[in-house]
Amino acid sequence: MWEKKVVPYLPSSKDQTLNVMKLLRGRRGHLADLGSGDGRLVFAASSAGFQCTGFEINSILLMYARNKARWTAVPPSQATFVKKDFWKTDLSKYNNVTAFLAPGVPYLIGLQMEALGEKLIKELPDDARVITCRFPFPNWPHQSTVGSGLDQTWAYDITTVRSSLRNVSSPAVS
C-alpha cells in the first residue's frame, strides 16, 4: 500500500469544480469526496442533489467545511464532513467518488493512483463512477474527460474499468 505523506492543500479551481459537475450530470446517489479540503466539491454536488460525504484529515479544513455547511444551512442529509482516513474506510456505499490528488509527493503519485485504483475496484459497486482531477488513472479507460491542463478531469465507470482490466490480465487464447 502507498505510504502516507503530507500533501499540501490545493483548492479546486472554479473550472475544476464545474468540470466535475459536468461529469456527474445525469447521476444521483451517494458521493464521496476523498480529501475534501474546504468542501467546495461537496457543496456543489450536494446542491445538485447528491448525498455527500467529504473525507478530510486536516482539522482546520474540516472545521471550516463543517462551519460553512452550518452557515449556509446545508442539511446534514446532503453534506457531511468526516475526519476519517479514506484509506481505512469501506467505500462500498458510494456510487460516485471524486478525488483531487495533488502532486505533493511527485515521485509517489503513480503509486498513490495505483493503490487508490485497487481500493476503488475492490470496494465500489458496479454502477459507480470515479472522477479524478488533474491526474488520471494511467491504466484505466476513461468514459469522458472535460477541461485541459490543470483543470482537466476524467470520469471512469467502474464496470468498464473492471472489464478492461480483466481483458488485459487474461490474454486471448489462440
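Please read these numbers as outputs of a predicted model, since none were measured by experiment.

Draft legend 1. Spotlight on the overall build of the protein. When you go through the protein residue by residue, the secondary structure sums to five helices and seven strands. Along the protein, from the amino end to the carboxyl end, the secondary structure elements read α-β-α-β-α-β-β-α-β-β-β-α. For the protein, buried positions account for 49% of its 174 residues. The long-range share in the protein, meaning contacts at least 24 apart out of those at least 6 apart in sequence, stands at 66%. Carbon and sulfur atoms form 57% of the exposed surface of the protein, whose accessible area is close to 9,100 Å².

Draft legend 2. Expanded view of the layout of surface pockets. Quantified by volume, the second largest pocket comes out at close to 190 Å³. If you go around the second largest pocket, you meet 11 residues; those closest to its centre are Met113, Glu114, Glu118, Asn139 and Trp140. Here the lining of the second largest pocket gets six residues from one element, more than from any other, and that element is helix H4 (residues 109–123). Taken together, the residues that form the lining of the second largest pocket break down as six nonpolar, three polar and two charged.

Draft legend 3. Up close: the side chain of Thr98. By the element assignment, Thr98 lies in strand E4 (residues 96–100). Its relative accessible area of 2% is what places Thr98 among the buried residues. Reaching out from Thr98, the side chain makes a polar contact with the side chain of Asp33 at a distance of 2.8 Å. Every residue in contact with Thr98, bar those within four places of it in the chain, is listed here: Val20, Leu31, Ala32, Asp33, Leu34, Leu41 and Ile131.

Draft legend 4. Summary view of the pairing of strand E7 (residues 153–157). In terms of residue burial, E7 counts as a mostly covered element, since five of its five residues are buried. Every second residue of E7 is oriented toward a common face, with Thr153, Ala155 and Asp157 on one face and Trp154 and Tyr156 on the other, all of them buried. Bridge count between strand E5 (residues 129–133) and E7: five bridges; the pairing is antiparallel. Looking across to E7, one finds that Arg129 is bridged to Asp157. As judged from the three bridges shared by strand E6 (residues 144–146) and E7, these two strands associate in the antiparallel manner. Bridging across to E7, Val146 finds its partner in Thr153.

Draft legend 5. Structural view of the side chain of Ser36. With respect to the helices and strands, Ser36 occurs in the loop between strand E1 (30–34) and helix H2 (40–47). Residue Ser36 is classed as buried on the basis of its relative accessible area, which comes to 6%. Apart from the residues lying within four places of it in its own chain, the contact partners of Ser36 are Val42, Gly54, Phe55, Glu56 and Phe81.

Draft legend 6. Spotlight on the packing of helix H1 (residues 14–24) against H2. The geometry of H1 relative to H2 is characterised by a closest axis approach of 10 Å and an angle of 40 degrees between their N-to-C directions. Here H2 runs oblique to H1, going by the angle between their axes. In terms of crossing hand, the pair formed by H1 and H2 is right-handed. Contact with H1, carried on its side by Thr17, Val20 and Met21, involves Arg40, Leu41, Ala44 and Ala45 of H2 and no other residues of that element. Of the residues contributing to the contact of H1 with H2, the split by class is five nonpolar, one polar and one charged.

About the cut-offs
Counting starts from 1 at the beginning of each chain's written sequence and moves along it residue by residue. Two thresholds apply to this predicted model, a pLDDT of at least 70 for residue-level local features and 80 or more for giving and counting side-chain atom pairs, whereas whole-chain, interface and lining totals are computed over all residues. Water and hydrogen atoms were dropped before computing side-chain values, which therefore reflect all heavy atoms in the structure. Where helices and strands are cited, they refer to DSSP runs of H or I of at least four residues and of E of at least two residues respectively, numbered from the N terminus. With a 1.4 Å probe rolled over the protein chains alone, any residue whose accessible area is under 20% of its type maximum counts as buried; one over 50% counts as exposed, and the rest are partly exposed. Two residues qualify as a contact provided that any one of their heavy atoms is within 4.5 Å of a heavy atom in the partner residue. A 1.4 Å probe and the Shrake-Rupley method give the accessible areas. Residues count as covered only by the protein chains that appear here. Cavity: a set of points on a 1 Å grid over the protein atoms alone where a 1.4 Å probe fits but cannot get out. Pocket: an open set with protein on both sides within 12 Å along at least five of seven lines, its lining residues, like those of a cavity, having an atom within 4 Å of a point. Grid points are joined across faces, edges and corners, and a volume is the space filled by probe spheres set on the points. Following the grouping adopted for this structure description, the nonpolar residues are Ala, Val, Leu, Ile, Met, Phe, Trp, Tyr, Cys and Pro, the charged ones are Asp, Glu, Lys and Arg, and the polar ones are all others, Gly among them. Whenever two N or O atoms come within 3.5 Å, that pair is a polar contact, provided that in protein one can donate a hydrogen and the other can accept it, and provided that, for residues adjacent in sequence, both atoms are side-chain atoms. At least two bridges found by DSSP between two strands is the condition for calling them paired. Fitting a line to C-alpha atoms yields each axis, with helices limited to the stretch in contact; the angle taken between N-to-C directions then spans 0 to 180 degrees. Throughout this description, any angle smaller than 35 degrees is read as roughly parallel, any larger than 145 degrees as roughly antiparallel, any in the 65 to 115 degree range as roughly perpendicular, and the remainder as oblique. Left-handed describes a crossing whose near helix is turned anticlockwise from the far helix by less than a right angle; the clockwise case is right-handed.

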